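Architecture and fold: a report
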Amino acid sequence: MNFKQFMEDFATEINGQFSEYDENKSVIIVPLHDERFQTVIGKMYNHDRYNRNVLEFTTKVCTVDESIDYKSILEASEKFVHSKFIVEENFLKVESATFVDNSSHELLKEMIQEVAITGDEWEFKITGKDIH
């Protein structure tokens, strides 16, 4: 799979913006409803535990702090198809991952959209703003 080309083509398809870090990491700014946007970072890497290539999509929601209702976040997670909440580098993020050899372009598009929409919804619920 040409990951960079996939990301660039999908950004064009959704009228988003594409930025490349390298062959295995890039960014799409996903346009959403109400003139909102969400930044989704995509990367491809070899998973140490399984020794298989993985595609991972993440977006920031907000910085971590004690006022976040983590119980409601976990309860909401059961309704997601592809995504999950993670905490990384002091940020609450939404992430979705799959093995490259089990993926199709349609699946990857669904994953990116779910990450972007979920991240934006929870960013607004928690902060009341469009930050990321």
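Check the entry above for the structure.
Scope of this entry: the structure provided in the associated data block. (Residues numbered from 1 in each chain as written. Predicted model: local features only at pLDDT ≥ 70, side-chain atom pairs only at ≥ 80, totals over all residues. Heavy atoms only, no water.)

1. Topic: the pairing of strand 3 (residues 37–47)
As defined by bridge partners, strand 2 (residues 25–31) adjoins strand 3 across seven bridges and the pair is classed as antiparallel. Counterpart to valine 30 in the pairing with strand 3 is glutamine 38. Between strand 3 and strand 4 (residues 52–63), which follow one another and run antiparallel, lie four residues, and asparagine 51 among them has a positive phi close to 50 degrees. (Pairing = 2+ DSSP bridges. Helix = DSSP H or I, 4+ residues; strand = E, 2+ residues; numbered from the N terminus.)

2. Some remarks on the layout of surface pockets
In this model, the largest pocket occupies a volume close to 230 Å³. In terms of lining residues, the largest pocket is bounded by 13 residues, among which Ile41, Thr58, Lys60, Glu88 and Lys93 are the most central. Sorting the residues of the lining of the largest pocket by element identifies strand 3 and strand 4 as the ones contributing at least two each. Among the elements that line the lining of the largest pocket, the one with the most residues is strand 4, at four residues. Grouping the amino acids of the lining of the largest pocket by side-chain chemistry returns two nonpolar, four polar and seven charged. (1 Å grid on protein atoms, 1.4 Å probe; cavity = no way out; pocket = protein on both sides within 12 Å on 5 of 7 lines; lining within 4 Å. Points joined across faces, edges and corners; volume = space filled by probe spheres on them. Nonpolar A, V, L, I, M, F, W, Y, C, P; charged D, E, K, R; others polar.)

3. Overview of the environment of threonine 59
Within the secondary structure layout, threonine 59 lies in strand 4. When the C-alpha atoms of threonine 59 and lysine 93 are compared, they prove to be 5.5 Å apart, with 34 residues separating the residues in sequence. Excluding residues that lie within four positions of it along the chain, threonine 59 makes contacts with Gln38, Thr39, Val40, Leu92, Lys93, Val94, Val115 and Gly119. Of the polar contacts made by the side chain of threonine 59, one reaches the backbone oxygen of threonine 39; its length is 2.6 Å. (Contact = heavy atoms within 4.5 Å. Polar contact = N/O pair within 3.5 Å; in protein donor to acceptor, adjacent residues only side chain to side chain.)

4. Regarding the pairing of strand 6 (residues 91–99)
Summarising burial for strand 6: eight of the nine residues are buried, a large majority. Strand direction decides the pairing type here: strand 4 and strand 6, joined by nine bridges, are antiparallel. The residue bridging threonine 59 from the neighbouring strand is valine 94, located in strand 6. Where strand 5 (residues 84–88) meets strand 6, five bridges bridge the pair, whose relative direction is antiparallel. (Buried < 20%, exposed > 50% of the residue type's maximum accessible area, 1.4 Å probe, protein only.)

5. Quick word on the packing of helix 1 (residues 3–13) against helix 3 (residues 105–127)
Where helix 1 meets helix 3, the closest approach of the two axes is 11 Å, and the angle between their N-to-C directions is 65 degrees. For the crossing formed where helix 1 meets helix 3, the hand is right-handed. Listed contacts from helix 3 to Phe6, Met7, Phe10 and Glu13 of helix 1 are His105, Leu108, Lys109, Ile112 and Gln113. (Axes fitted to C-alpha atoms, helices over the stretch in contact; angles between N-to-C directions. Left-handed = near helix turned anticlockwise from the far one by under 90°.)

6. Re the pattern of salt bridges
For the structure on display, the rule yields nine salt bridges. The partner of lysine 4 in a salt bridge is glutamate 20, and the shortest N-O contact between them spans 3.9 Å. Within this pair, whereas lysine 4 is found in helix 1, its partner glutamate 20 is found in strand 1 (residues 17–22), the two being separated by 16 residues in sequence. You can call glutamate 20 partly exposed: its relative accessible area is 38%. Taking the shortest distance from any N to any O, the salt bridge between arginine 36 and aspartate 120 comes out at 2.9 Å. With arginine 36 in the loop between strand 2 and strand 3 and aspartate 120 in helix 3, this pair connects stretches of sequence that are 84 residues apart. Residue classification places arginine 36 among the buried positions, given a relative accessible area of 12%. Judged by its relative accessible area of 2%, aspartate 120 falls in the buried class. Through salt bridges that share partners, Glu13, Glu106 and Lys109 make up one connected network. (Salt bridge = Lys/Arg side-chain N within 4 Å of Asp/Glu carboxyl O.)

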